[in-house]
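What the coordinates show
Each chain is listed here by its residues.
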Amino acid sequence: MLKPSLVAAVLVGFAAGALAQTKWDLPTAYPASNFHTENIVQFAKEAGEASGGKLAITVHPGASLFKAPEIKRAVQGNQAQAGEILLVNFQNEWQPFGLDGIPFLADSYAAARKLYAAQKPALQKKLSEQGMMLLFSVPWPPQGIYSKKPLNAAADLKGSKWRAYSPATSRIAELVGAQPVTVQAAELSQALATGVVESMMTSGATGVDSKLYEHLKYYYDTQAWLPKNAVIANKRAFDALDKATQDAVLKAAAAAEERGWAASQRVNTDTQAKLKANGMEVLPPSAQLKADMQKVGEVLLKEWLDKAGPEGQAIVDAYKKM
């Protein structure tokens, strides 16, 4: 027979076990003030609340836990149970990861939605094969060209130190005769201050986050592509959750996806206004510059299809039928 005090202690132990939180870490490479990060923080809060406190997700912004290139592997190995990645960063691993980085394939939010719908089944299948799952995906605002000097044509970029953050942005540099320099978001401000970077293609959001107006003078609103960030989870970690908690995570993820797309569109408008307010010239591309960059896009799409094979062609075909 157990003593009453010992019985009480055992019961308390069982109760504590039932109420114990499952803790997830969710690293991202972007600052806490970035709209993607703010959206993820809200997702983590809503998922935790909807789980009745059974799941606690800690968001680690600004590459504080893992750097951008390390996050996918960290999630795959369950060092972090979830994380945010920029899909185009992993094109060399699997070509469809880089589909939304091809210039002028999808050059509006409506087109980007269709491209995501076409890409999503293959994306979910690939991540599942790697022991992960897609929770949600949100695009960056459309990409434009930042430069220290005015640009009338792609030839004006020749010799410029061009920030590359993906295989596609490196290839663009090669095609326009610029000098590609690989710099992650967290190191961008320093690279600009030291003259390591003189031009790049990125969004208005990154322009404001990194205060590009302190170093670069011109922004050309080419709306070249809308690359997506994806929040992914380790499949084993997700499967270990009870059904109600899984449902809470998926519901919060679906809400985060819709909220994130809407936020991206607002940010696109707001950040261009902020760039102007801080002295940057925000301009439409000249007809020549747009034509030059569309040719670059055609080369990249052909090269991508050559590497992606039938799987890639099927995704592009599905997109063009939408």
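You'll find the structure just up there.
Summary of the structure given here. (Residues numbered from 1 in each chain as written. Predicted model: local features only at pLDDT ≥ 70, side-chain atom pairs only at ≥ 80, totals over all residues. Heavy atoms only, no water.)

Topic: the packing of helix 2 (residues 35-50) against helix 9 (residues 243-277)
- Where helix 2 meets helix 9, the axes come as close as 9 Å, and the angle between the chain directions of the two elements is 155°. As far as their axial angle goes, helix 9 and helix 2 are roughly antiparallel. The way helix 2 lies across helix 9 gives a crossing that is right-handed. Between helix 2, through F35, N39, Q42, F43, E46, A47 and A50, and helix 9, the contact on the second element is made entirely by A248, V249, A252, A253, A255, A256, R259, G260, A263, S264 and V267.
- Of the residues assigned to the contact of helix 2 with helix 9, the class counts are 12 nonpolar, four polar and two charged. (Axes fitted to C-alpha atoms, helices over the stretch in contact; angles between N-to-C directions. Helix = DSSP H or I, 4+ residues; strand = E, 2+ residues; numbered from the N terminus. Parallel < 35°, antiparallel > 145°, perpendicular 65-115°, else oblique. Left-handed = near helix turned anticlockwise from the far one by under 90°. Contact = heavy atoms within 4.5 Å. Nonpolar A, V, L, I, M, F, W, Y, C, P; charged D, E, K, R; others polar.)

Digging into the sheet that holds strand 8 (residues 199-202)
- With mixed pairing, six strands are arranged side by side in an open sheet as 7-6-8-5-9-11. Edge positions in the sheet fall to strand 7 (179-182) and strand 11 (281-283), since each of these pairs with one other strand and no more. Mean inter-strand twist for the sheet, computed between neighbouring axes without regard to direction, equals 25°.
- As judged from the two bridges shared by strand 6 (residues 161-164) and strand 8, these two strands associate in the parallel manner. Pairing of R163 across the sheet is with M200, part of strand 8. (Pairing = 2+ DSSP bridges.)

Quick notes on helix 9
- In this model helix 9 runs 49 Å from its N-terminal to its C-terminal C-alpha over 35 residues, within 8% of the 51 Å that 1.5 Å per residue would give.
- Here helix 9 starts with a cap whose side-chain oxygen sits 3.2 Å from the backbone nitrogen of A244, and that cap is D242.
- Just downstream of helix 9 lies G279, where phi reads positive at about 95°. (Expected span 1.5 Å × (residues − 1). Polar contact = N/O pair within 3.5 Å; in protein donor to acceptor, adjacent residues only side chain to side chain.)

Looking at unusual backbone geometry
- If you check the backbone angles, A63 has positive phi at about 55° while not being a glycine.
- Mapping A63 onto the fold places it in the loop between strand 2 (55-60) and helix 3 (68-76).
- The backbone of N78 shows a phi angle near 65°, a positive value even though the residue is not glycine.
- Along the chain, N78 falls in the loop between helix 3 and strand 3 (82-86).

Here we look at the layout of surface pockets
- Within this model, the largest pocket holds a volume of roughly 360 Å³.
- Within the residue set of the lining of the largest pocket, elements represented by two or more residues are helix 3 and helix 7 (204-209).
- For the lining of the largest pocket, the residue count by class is 12 nonpolar, nine polar and four charged.
- Its boundaries defined by the atoms lining it, the second largest pocket holds a volume of some 210 Å³.
- Along its surface, the second largest pocket is lined by 14 residues, and Q91, P167, R171, E303 and K307 are the ones closest to its centre. (1 Å grid on protein atoms, 1.4 Å probe; cavity = no way out; pocket = protein on both sides within 12 Å on 5 of 7 lines; lining within 4 Å. Points joined across faces, edges and corners; volume = space filled by probe spheres on them.)

Fair warning: the whole summary comes from geometry, so function is off the table for now.
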